[in-house]
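# Geometric and topological summary
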Amino acid sequence: MKKVTLFTKIFLIATITCAFFAGCETSKKAEPSNTENKQTSQKKSNKGSSTTNSKTKKSDKALAEYKIILTNLHNEHKLRDKEVKLAQASDIENNQYAIYDVDKDGQDELIILFTTADNDFVQGKIYGYDSKKSEIVEKLDCYPSVHVYDNGIVIDDVTVALNRSADRLWPYGIWKYDASQNKYVNHGYLSQIFADDSETESEELDPFPTDKDKDKDDTLYVLKKQNEETKFMDKADYEEFRDGFLKNAKEVKIDYKNLTLKNINNSCKEQ
């Protein structure tokens, strides 16, 4: 039987994601809200919570471009001239979007959460409008379970993960906006492993790296970043790493709307 490592299984999808998105790149106080449990729809996660609408001045040119993108997605099932693949019997209007200043550059971005597809084809997109060049810029391409924080950090939950359970951290990625590149850069995907994983798996796994488990709690957090060696962290190191991006940050409850023509027309009206 072919030997499969634990880290290969946990990060198979995350590694592919980092490669695919290369050019686009809890303690309770600031832990991503959807990383401890299996992904639910963005619509459900916002139900019953307060929403924050963008207060930035909306550019009529940007809104006109956003309307074109959204209308083409609705009518032609194309996202920036690339065809999207709908799952069988799915409804294009069940996808969601929002217009909000995600990266805190003073200009509203277009967020699209395309979820009505098989797992291999779901995607999250964030587009901006470059007023100097009069063109749309893709700022982020990620998983469609997106969490936006008030300091501009974006978290995306991995859509499908192997060996997941309610007591295990749901794998997620951290993205930070780089103004010099005018796009979000991925700072790695994180997950969690336990010392007894090899006892519950049907296939042979690499030994748990006990030398990395400084607090001896039989739990490690794993950071996977493209072109870098896998990093193992105990809880203290993990929290320090996470706090470097999310300390004192609060998740923004964005007012996502279903992809209907009525919503698109209302959202993209000239100001």
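## Concerning the overall build of the chain
Of the regular secondary structure elements, the chain holds six helices and 13 strands. By the burial criterion, 49% of the 271 residues in the chain qualify as buried. Accessible area for the chain stands at about 14100 Å²; split by element, carbon and sulfur atoms hold 46% of it.

## A word on the side chain of R168
Mapped onto the fold, R168 is located in the loop between β8 (154–157) and β9 (172–178). We classify R168 as buried; its relative accessible area is 5%. Within polar-contact distance, the side chain of R168 engages the backbone oxygen of Q192 at 3.1 Å. Side-chain polar atoms of R168 contact the side chain of D197, separated by 2.8 Å.

## Concerning the packing of aromatic side chains
With the rule as written, the count across this model stands at four aromatic pairs. When the centroid spacing of 6.1 Å and the interplanar angle of 85 degrees are considered together, the rings of Y143 and Y189 count as edge-to-face. Taken as a pair, Y143 in the loop between β6 (135–142) and β7 (145–148) and Y189 in strand β10 (residues 183–194) lie far apart in primary sequence, 46 residues in all. Look at Y221 and Y238: their rings are 4.1 Å apart centre to centre, the planes differ by 5 degrees, and that puts the pair in the stacked class.

What counts and what doesn't
- Residues numbered from 1 in each chain as written.
- Predicted model: local features only at pLDDT ≥ 70, side-chain atom pairs only at ≥ 80, totals over all residues.
- Heavy atoms only, no water.
- Helix = DSSP H or I, 4+ residues; strand = E, 2+ residues; numbered from the N terminus.
- Buried < 20%, exposed > 50% of the residue type's maximum accessible area, 1.4 Å probe, protein only.
- Areas by Shrake-Rupley, 256 points an atom, 1.4 Å probe, with all protein chains shown as cover.
- Polar contact = N/O pair within 3.5 Å; in protein donor to acceptor, adjacent residues only side chain to side chain.
- Phe/Tyr/Trp six-rings, centres within 6.5 Å; stacked < 30°, edge-to-face > 60°.

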